[in-house]
Amino acid sequence: MKRTKAAERRKPVKTDLIVGANVRACRQSQGYTLAEAASALGISHQQLQKYETGHNRISAGTLVQLSNYLGVPLEALFEDPAIDKPSPKDELSRARQRCHSLIDRTLSLETLLSMAKVLRALPGD
């Protein structure tokens, strides 16, 4: 009987399903394959798929890694898409998100400083 209760406690809840769906949507919108994302996170593609489908819960540490890799704020992974919120998905927003993702994954200070110089040299609106 204790096994059943323990298994019941570990079942995914609505939040697990929302987070998994948001991870998948962010990954796909940025053009990353399951294998690419999993490799960058140091997990198997099967494990990432289980996270995305809500079959397995995502640890806090893995959530932070996913947030950084996808270049989205951590809280964005918890947003319920069923709740209407103004969130423009225009080309400018997608391009901005892609830039943030590239910057967030850059580990070299020298590279980041070079990127900043290039961005400053570009004409603004």
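Conventions and cut-offs
Residues numbered from 1 in each chain as written. Predicted model: local features only at pLDDT ≥ 70, side-chain atom pairs only at ≥ 80, totals over all residues. Heavy atoms only, no water. Helix = DSSP H or I, 4+ residues; strand = E, 2+ residues; numbered from the N terminus. Buried < 20%, exposed > 50% of the residue type's maximum accessible area, 1.4 Å probe, protein only. Contact = heavy atoms within 4.5 Å. Areas by Shrake-Rupley, 256 points an atom, 1.4 Å probe, with all protein chains shown as cover. Arc of directions from axis to C-beta.

In this structure, what is going on with the overall build of the protein? I would like to understand it.
Of regular secondary structure, the protein possesses seven helices and zero strands. Going through the 125 residues of the protein one by one, you find that 27% of them count as buried. The contacts of the protein with a sequence gap of at least 6 include a subset with a gap of at least 24, amounting to 66%. With an accessible surface of roughly 9,000 Å², the protein has 57% of that area assigned to carbon and sulfur atoms.

What is the right way to look at the environment of R94 in this model?
Residue position: R94 is located in helix 6 (residues 91-105). You can call R94 partly exposed: its relative accessible area is 40%. The sequence separation of R94 and Q30 amounts to 64 residues, and the corresponding C-alpha distance is 8.2 Å.

Can you walk me through the environment of V64 in this structure?
Along the chain, V64 falls in helix 5 (residues 60-70). Residue class for V64 comes out partly exposed when judged on its relative accessible area of 40%. For the pair V64 and L74, spaced 10 residues apart in sequence, the C-alpha separation works out to 6.6 Å.

Could you clarify how one ought to interpret helix 3 (residues 34-41) in this entry?
Because the α-helix completes a turn every 3.6 residues, residues three or four places apart line up on one side. Regarding helix 3, the residues found buried are L34, A37, A38 and L41. Each buried residue of helix 3 lies within a common arc of 100° when the element is viewed along its axis, so the set occupies one face. Residues of helix 3 that are buried sit in contact with helix 2 (14-29), helix 4 (45-53) and helix 5. In the stretch just after helix 3, G42 is the one whose phi turns positive, near 75°.

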